[in-house]
Amino acid sequence: PMGRSLMLSFYRTAGPQHLVFVGWENYRYLLSHDVTFALAVVNTAGFTVAFLLLQVPISLGLAILLNSRSVRWRSLFRFAFFSSYLVGQVFVAVIFFQLFASDGLINRILGADVPWLTNSSLAMPSVLIADLWLTAGYGMIYFLAALQTVDQELYEAAHIDGAGGWQSFVHITLPGIRPVLIFVIVVGTIGGFQLF
């Protein structure tokens, strides 16, 4: 399919039987004439960066919190945060469309008529919030699994050596979860660019 898509990019088509070879013309048009395409690329890249800068720390923070033995009902909270990922994108889109509508719950709480979905400067943050709600639990599950594989004796040794919480996090936790951290960043980047 990828090869076929690449091949089709060199054709102008009006259906599978009407292919006209145009060479690099489609690419020239996108790069020089199509302002909408350029704006979509910039918006997608900006969304992806903002998404990763928020999603990774939120997911990791939730995982660290729910990995703590002092939290009661950890299993319930783990399921509650992960369950948002199980409902699916269409369901999330419907829920957040209703929340951000002009007569939606958020505007009722604020007592204002904020155009969340129709204002060009508010639409991106609205989509970002919905996507974070959908995916934070997904990242949390991966980080939680990674945190449970980090050797606890390393934390005890660091504590004996006088290391504080931040030093233990930087020198033990982050190196211990590095493969999962890279995975979450790669999957988040792919997901962000899929929203193109």
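Everything numeric in this text was worked out from a predicted model, so none of it was measured. (Residues numbered from 1 in each chain as written. Predicted model: local features only at pLDDT ≥ 70, side-chain atom pairs only at ≥ 80, totals over all residues. Heavy atoms only, no water.)

*Asks:* Explanation requested: the overall build of the chain in the structure shown.
*Replies:* The number of helices and strands found in the chain is nine helices and two strands. Helices (α) and strands (β) of the chain occur, in sequence order from the N terminus, as α-β-β-α-α-α-α-α-α-α-α. Relative to the compact-globule value of 16 Å for 196 residues, the chain shows a C-alpha radius of gyration of 22 Å, a clear excess of over 25%. Counting only C-alpha atoms, the chain reaches 70 × 45 × 25 Å along its principal axes. Burial statistics for the chain: of 196 residues in total, 27% are counted as buried. Long-range contacts, defined here as pairs at least 24 residues apart, represent 59% of the contacts in the chain between residues at least 6 apart. Carbon and sulfur atoms make up 69% of the accessible area of the chain, which amounts to about 13,100 Å² in all. Here the chain holds 9 positive side-chain charges and 9 negative ones, and the gap between their average locations is 7 Å. (Helix = DSSP H or I, 4+ residues; strand = E, 2+ residues; numbered from the N terminus. Rg over C-alpha atoms; globule rule 2.2 N^0.38 Å. Buried < 20%, exposed > 50% of the residue type's maximum accessible area, 1.4 Å probe, protein only. Contact = heavy atoms within 4.5 Å. Areas by Shrake-Rupley, 256 points an atom, 1.4 Å probe, with all protein chains shown as cover. Lys, Arg positive; Asp, Glu negative; His and termini not counted. Charge placed at Lys NZ, Arg CZ, Asp CG, Glu CD.)

*Asks:* Help me understand unusual backbone geometry in this model?
*Replies:* The bulk of non-glycine residues show a negative phi, and the bulk of peptide bonds are trans. Phi is positive for tryptophan 73, close to 60 degrees, though the residue is something other than glycine. Residue position: tryptophan 73 is located in the loop between helix 3 (35-67) and helix 4 (74-86). Residue classification places tryptophan 73 among the exposed positions, given a relative accessible area of 58%.

*Asks:* How do you make sense of a nonpolar patch on the surface when you look at a structure like this?
*Replies:* On the surface, Trp73, Leu76, Phe77 and Phe81 cluster together into a nonpolar patch covering about 440 Å² of accessible area. As for its position among the elements, phenylalanine 77 is in helix 4. Taking relative accessible area as the criterion, phenylalanine 77 reaches 35% and is therefore assigned partly exposed. (Patch = residues over 30% accessible without salt bridge, like charges linked within 9 Å, V, L, I, M, F, W, Y side chains within 5 Å. Salt bridge = Lys/Arg side-chain N within 4 Å of Asp/Glu carboxyl O.)

*Asks:* Hey, could you run me through the packing of aromatic side chains in this one?
*Replies:* To describe a pair of aromatic rings, you give the distance between the ring centres and the angle between the ring planes. Inspection of every chain in the model, using the stated rule, returns 13 aromatic pairs. Ring geometry for phenylalanine 82 and tyrosine 85: centres 6.0 Å apart, planes at 35 degrees, overall tilted. Here phenylalanine 82 pairs with tyrosine 85, and both are found in helix 4, just three residues apart, close to one helical turn. Given the relative accessible area of 34%, tyrosine 85 is considered partly exposed. Ring centres of phenylalanine 100 and tryptophan 116 lie 5.5 Å apart, and the angle between their planes is 50 degrees; this geometry places the pair in the tilted category. Residue phenylalanine 100 is found in helix 5 (residues 89-100), and its partner tryptophan 116 is found in the loop between helix 6 (105-110) and helix 7 (120-147); the two are separated by 16 residues along the sequence. Put simply, the rings of Phe82, Tyr85, Tyr138, Tyr142 and Phe183 pair up and form one aromatic cluster. (Phe/Tyr/Trp six-rings, centres within 6.5 Å; stacked < 30°, edge-to-face > 60°.)

*Asks:* Explanation requested: helix 4 in the structure shown.
*Replies:* Since the α-helix advances by 3.6 residues per turn, residues separated by three or four positions end up pointing in the same direction. Taking 1.5 Å as the rise per residue, helix 4 with 13 residues should run 18 Å; its terminal C-alpha atoms sit 18 Å apart, in good agreement. Count one or two residues on from helix 4 and you reach glycine 88, which has phi positive near 95 degrees. (Expected span 1.5 Å × (residues − 1).)

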